[in-house]
Amino acid sequence: MAPTASLCDTDEATRDICTGLGWLEALSGHLMNVLVVDDHPLVRTGIAAALQLKIPDAAIHEAGSTAEAVGVLGEHDIDVVTLDLRLEEGSGLEVARHIAEHDMSTLCVVFTSVASPHALVAAFNTGVVTAFLEKGVEVDPLAEAVQAASEGRVLLNERDIRGALDQIRSSGLDPTLFTPREGSIAELVADGLSDVLIARKLNISSSTVRNNLTTMYRKAGVESRTQLAALVWDTRFKLAQFS
């Protein structure tokens, strides 16, 4: 970069050419914009600092919630988002779904302690997650995954997804994927209650129940109410065996 910068600075005519081609802007800007989403301030700051060391030309942004992340995405042209799945207010995958629903070019790298097969499949189903890493790995794999995502390379592979699906079929529902309200809805669905009855029981609207169910299907990797109920019943049976 330095030789090119000095070339553009040689004289006014050359500078005008560089400016016209956008070279000066590129030289003074950043190679990529990265957003780190984590609800623990110390962890978030540590991840951001580590990525800055590994990718010095990147602009690192931070967000502690899905709402903050959506705000940053609206204000900046973010290339890659690193996502913790378990946020205080819900799942980090809501950020990935926002990106997918708004047809953004941003891609996501999951970096989380919730490394379950259900979480892996749910992340894959968003269509914008390119890598899935468990917290505790060194910073190099994370930086490499972020760099790969910025280049449009997907590190998730079909074998990992198929293996996760096999584990889901054999183990049942992962309750950590759901918020407390979603967990209550899942239990009531398994008990055979309609949306109207669930709404009355939980003191919410029927539309809220339906919206929650749509989100829950994505998280659990199922396509219907019947499949969700079957997962809940299967989980109940397995828990009963160990009680």
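Before going into details, it helps to say that this report is about the structure given with it. Quick caveat, the model's predicted, so the values are computed rather than measured.

Basis of the calculations
Residues numbered from 1 in each chain as written. Predicted model: local features only at pLDDT ≥ 70, side-chain atom pairs only at ≥ 80, totals over all residues. Heavy atoms only, no water. Helix = DSSP H or I, 4+ residues; strand = E, 2+ residues; numbered from the N terminus. Buried < 20%, exposed > 50% of the residue type's maximum accessible area, 1.4 Å probe, protein only. Contact = heavy atoms within 4.5 Å. Polar contact = N/O pair within 3.5 Å; in protein donor to acceptor, adjacent residues only side chain to side chain. Pairing = 2+ DSSP bridges. Axes fitted to C-alpha atoms, helices over the stretch in contact; angles between N-to-C directions. Parallel < 35°, antiparallel > 145°, perpendicular 65-115°, else oblique. Left-handed = near helix turned anticlockwise from the far one by under 90°. Nonpolar A, V, L, I, M, F, W, Y, C, P; charged D, E, K, R; others polar.

### Here's the deal with the overall build of the protein chain
(1) Moving on: When helices and strands are tallied, the protein chain shows 13 helices and seven strands.
(2) Moving on: Split into buried and exposed, the 243 residues of the protein chain put 43% on the buried side.
(3) Moving on: When contacts within the protein chain are restricted to residue pairs at least 6 apart in sequence, those whose partners lie at least 24 apart make up 65%.

### Focus on the side chain of threonine 126
(1) Moving on: For threonine 126, the position within the fold is in the loop between helix H7 (117-125) and strand E7 (129-134).
(2) Moving on: Here the side chain of threonine 126 touches valine 128 through a polar contact of 3.3 Å, landing on its backbone nitrogen.
(3) Moving on: If we skip the residues at most four places from it in the chain, threonine 126 touches Leu93, Ala96, Arg97 and Ala100.

### Section: the environment of valine 146
(1) Moving on: By the element assignment, valine 146 lies in helix H8 (residues 139-150).
(2) Moving on: Judged by its relative accessible area of 0%, valine 146 falls in the buried class.
(3) Moving on: Separated by 112 residues in the primary sequence, valine 146 and valine 34 place their C-alpha atoms 8.1 Å from one another.
(4) Moving on: Residues contacting valine 146, with those up to four places away along its chain left out, are Met32, Val34, Leu51, Ile55, Val80, Thr82 and Val109.

### A short note on unusual backbone geometry
(1) Moving on: Located in the positive-phi region is aspartate 103, a residue other than glycine, with phi close to 55°.
(2) Moving on: By the element assignment, aspartate 103 lies in the loop between helix H6 (93-101) and strand E6 (107-112).
(3) Moving on: Of the residues examined, aspartate 103 reaches a relative accessible area of 69% and is grouped as exposed.

### Some words on the sheet that holds E7
(1) Moving on: The strand order E2-E1-E3-E6-E7 describes an open sheet built from five strands, whose pairing is parallel. The open sheet has two edge strands, strand E2 (59-63) and E7, and neither has a second partner. Averaged over all pairs of adjacent strands, the angle between strand axes in this sheet comes to 20°, irrespective of strand direction.
(2) Moving on: Where strand E1 (residues 33-37) lies against strand E3 (residues 80-83), four bridges are found, and the strand directions are parallel. Bridge pairing links valine 34 to valine 80 in E3.
(3) Moving on: Contacts between helix H4 (residues 41-54) and the sheet are confined to E1, E2, E3 and E6, with E2 contributing the most and set at about 170° to the helix.

### Thoughts on the packing of helix H10 (residues 180-190) against helix H11 (residues 195-202)
(1) Moving on: Look at H10 against H11: their axes get within 10 Å of each other, and the N-to-C directions meet at 135°. Between H10 and H11, the angle falls in the class oblique. Along this stretch, H10 crosses H11, giving a crossing that reads as right-handed. Contact with H10, carried on its side by Ser184, Ile185, Leu188 and Val189, involves Ile198, Lys201 and Leu202 of H11 and no other residues of that element.
(2) Moving on: Tallied by class, residues from the contact of H10 with H11 come to five nonpolar, one polar and one charged.

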